[in-house]
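Letter by letter, the chains look like this.
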Amino acid sequence: MTEAPLVAGIELGGTKCNLILARGPDAILEEKRLPTERPAETLAAIEAVLDGWRGFAAIGIGSFGPVSIDRASGDYGRITSTPKPGWANTDVARRIAARFDVPTGFHTDVVAAALAEARWGAAEGLGDLAYVTVGTGIGVGLVAGGRPVDGLTHSELGHVRPRRVPGDDWVGACPFHGACVEGLAAGGSIAARTGIAAPELPADHEAWLLVADALAQMLHAAVLTGIPRRIVMGGGVAVGNPHLLPRIREALKASLNGYVALPEVEDADTYVVPAALGNNAGPLGTILLGQQALGAH
Ligand code: ZN
């Protein structure tokens, strides 16, 4: 088997950037972390690190989103409608590709993590999965056949509107939709509803039932969209509150009500699972984005 191509990976997050020079998890040559500041400073700092790295055949970029992934669009490679100050409409991928003149893959950080979990993590060998991150925001990365499910743009299932639990009329925290799933179940939304930060919210607090209900409805939609062979859940809220997964599994099973009569889906304990790669998922996924840009996978 030939050696996988060497890729410079850039995980551009809302607060920090992880840079990696690697062929895969067993061949990491360099790693570097930088703070995410204003676009001009941050992108220049990333370029300065890559200027010092040698031998990479491609670049993979996984960015906080939303991003434009449509190569036919004038906006391709940009971060689009982010509320993060200064970053809306920032060109990332075209700028990096022009400077280094190698094939460049570009996608969301969520899809990058999804690719890594599908290849080396909690859905290893399956190829078709939904990766759900529940943290500051809620993102769903869809992967089929080991590649991102792309259309005009990427999935934004975190913003679907759940049916409300009877008696719950809280307005929600999404600036676009109020009580979409992100507006009800992201870390900031939990804190806005309860006045308690998600990591400190007791496991028996009634708000968790509402969070689990909203997430289970989103998973219901993801199951019926795909159908993913496994759902992998990561992000600070999901990882930091292990009581949440069993509640989501139970609510998902009740919501699907036996409609998807596949043993893989009905065995909730192996169908909805925690992420396996932790904070490495994003950086490792950028390596796959770069290798896919080369046509290597
Ligand atoms: Zn929303």
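Located above this text is the structure these notes cover.
It should be emphasised that the depicted structure is a prediction, and the values quoted were computed from it without experimental measurement. (Residues numbered from 1 in each chain as written. Predicted model: local features only at pLDDT ≥ 70, side-chain atom pairs only at ≥ 80, totals over all residues. Heavy atoms only, no water.)

**Some remarks on the overall build of the chain**
Then, in step 1: Counting secondary structure elements, the chain contains 11 helices and 12 strands.
Then, in step 2: Its C-alpha atoms give the chain a radius of gyration of 19 Å, within 12% of the compact-globule value 19 Å for 297 residues.
Then, in step 3: With 297 residues in all, the chain has 51% of them scored as buried.
Then, in step 4: Looking at the chain alone, contacts between residues at least 24 apart form 61% of all its contacts between residues at least 6 apart.
Then, in step 5: Averaging the locations of the 23 positively and 31 negatively charged side chains of the chain gives two centres separated by 4 Å. (Helix = DSSP H or I, 4+ residues; strand = E, 2+ residues; numbered from the N terminus. Rg over C-alpha atoms; globule rule 2.2 N^0.38 Å. Buried < 20%, exposed > 50% of the residue type's maximum accessible area, 1.4 Å probe, protein only. Contact = heavy atoms within 4.5 Å. Lys, Arg positive; Asp, Glu negative; His and termini not counted. Charge placed at Lys NZ, Arg CZ, Asp CG, Glu CD.)

**Let's talk about helix α5 (residues 187-194)**
Then, in step 1: Burial in α5 covers these residues: Gly187, Ser189, Ile190 and Thr194. Angularly, the buried residues of α5 cover 165° about the axis, an arc narrow enough to put them on a single face.
Then, in step 2: Elements in contact with the buried residues of α5: α4 (181-185), α6 (207-225) and α7 (236-240).
Then, in step 3: Positive backbone phi, approximately 75°, marks Gly195, located one or two places after α5. (Arc of directions from axis to C-beta.)

**A few points about the coordination of the zinc ion**
Six octahedrally arranged donors around a metal ideally form angles of 90 or 180 degrees; four tetrahedrally arranged donors ideally form angles of 109.5 degrees.
Then, in step 1: Donor atoms from the polypeptide that bind the zinc ion are His159 (ND1), Cys174 (SG), His177 (ND1) and Cys180 (SG), placed at 2.1 to 2.4 Å.
Then, in step 2: For the zinc ion, the four donor atoms in the first shell make angles of 104 to 120° at the metal, so the coordination geometry reads as tetrahedral.
Then, in step 3: Counting the intervening residues between successive donors of the zinc ion yields the motif H-x14-C-x2-H-x2-C.
Then, in step 4: Owing to a relative accessible area of 29%, His177 belongs among the partly exposed residues under this scheme. (Donors = N, O, S within 2.8 Å, 3.2 Å for Na, K, Ca; no water. Tetrahedral: all angles 85-135°; square planar, octahedral: opposite > 155°, others 65-115°.)

**Examining the pattern of salt bridges**
Then, in step 1: Under the criterion given, the structure shown has nine salt bridges.
Then, in step 2: Notably, a salt bridge pairs Arg38 with Glu41, separated by 2.8 Å at the nearest N-O pair.
Then, in step 3: On the basis of relative accessible area, Arg38 is assigned to the exposed category, the value being 56%.
Then, in step 4: The class for Glu41 is partly exposed, based on a relative accessible area of 37%.
Then, in step 5: A salt bridge links Arg164 to Asp168; the shortest N-O distance between them is 3.0 Å.
Then, in step 6: Note on Asp168: relative accessible area 15%, which makes it buried.
Then, in step 7: Counted as one network, the salt bridges with shared partners bring together Glu47, Asp51, Arg95 and Arg99. (Salt bridge = Lys/Arg side-chain N within 4 Å of Asp/Glu carboxyl O.)

**Notes on the sheet that holds strand β9 (residues 138-144)**
Across a sheet, strands are paired by hydrogen bonds formed along the backbone, either parallel or antiparallel in direction.
Then, in step 1: The mixed open sheet is built from five strands, whose spatial order is β10-β9-β8-β11-β12. Of all the strands in the sheet, the pair left with one neighbour each is β10 (147-148) and β12 (272-274).
Then, in step 2: Note that β9 and β10 share two bridges and pair antiparallel. Its bridge partner being in β10, Ala144 is matched across the sheet by Arg147.
Then, in step 3: Its contacts with the sheet put helix α8 (residues 244-256) on β11 (230-234) and β12, and the angle it makes with β12 is roughly 170°. (Pairing = 2+ DSSP bridges. Axes fitted to C-alpha atoms, helices over the stretch in contact; angles between N-to-C directions.)

**Examining the packing of aromatic side chains**
Then, in step 1: The final tally for this structure, using the stated rule, is three aromatic pairs.
Then, in step 2: For the pair Tyr76 and Phe106, a centre-to-centre distance of 6.1 Å together with 80° between the ring planes defines the contact as edge-to-face. Note that Tyr76 is positioned in the loop between β4 (58-63) and β5 (78-79) and Phe106 in strand β7 (residues 104-108), a separation of 30 residues in sequence. (Phe/Tyr/Trp six-rings, centres within 6.5 Å; stacked < 30°, edge-to-face > 60°.)

**What about the nonpolar core?**
Then, in step 1: Counting 40 residues, the largest nonpolar core has Leu215, Met218, Leu219, Ile231 and Met233 as the members making the most contacts within it.
Then, in step 2: Those elements that provide at least two residues to this core are β8 (129-134), β9, α4, α6, β11, α7 and α8.
Then, in step 3: The element that contributes the greatest number of residues to this core is α6, accounting for 11 residues.
Then, in step 4: If we ignore the near neighbours within four places in the chain, the residues touching Met218 are Val132, Ile138, Val140, Leu157, Gly158, Val160 and Val181.
Then, in step 5: Grouped together as the second largest cluster of nonpolar side chains are 28 residues, Ile10, Leu19, Val92 and Val102 included. (Core = buried A, V, L, I, M, F, W, Y, C linked by side-chain atoms within 4.5 Å.)

**Here's the deal with the pairing of β9**
Then, in step 1: Among the seven residues that make up β9, six are buried, leaving the element largely enclosed by the rest of the structure.
Then, in step 2: With six bridges connecting them, β8 and β9 associate as antiparallel partners. By the bridge assignment, Val132 is partnered in β9 with Val140.
Then, in step 3: In this structure, the hairpin formed by β8 and β9 is closed by a connection of three residues.
Then, in step 4: Taking the residues between adjacent antiparallel strands as the criterion, β9 and β10 are bridged by two residues, where Gly145 takes a positive phi near 60°.

Purely geometric numbers; function is a separate question.
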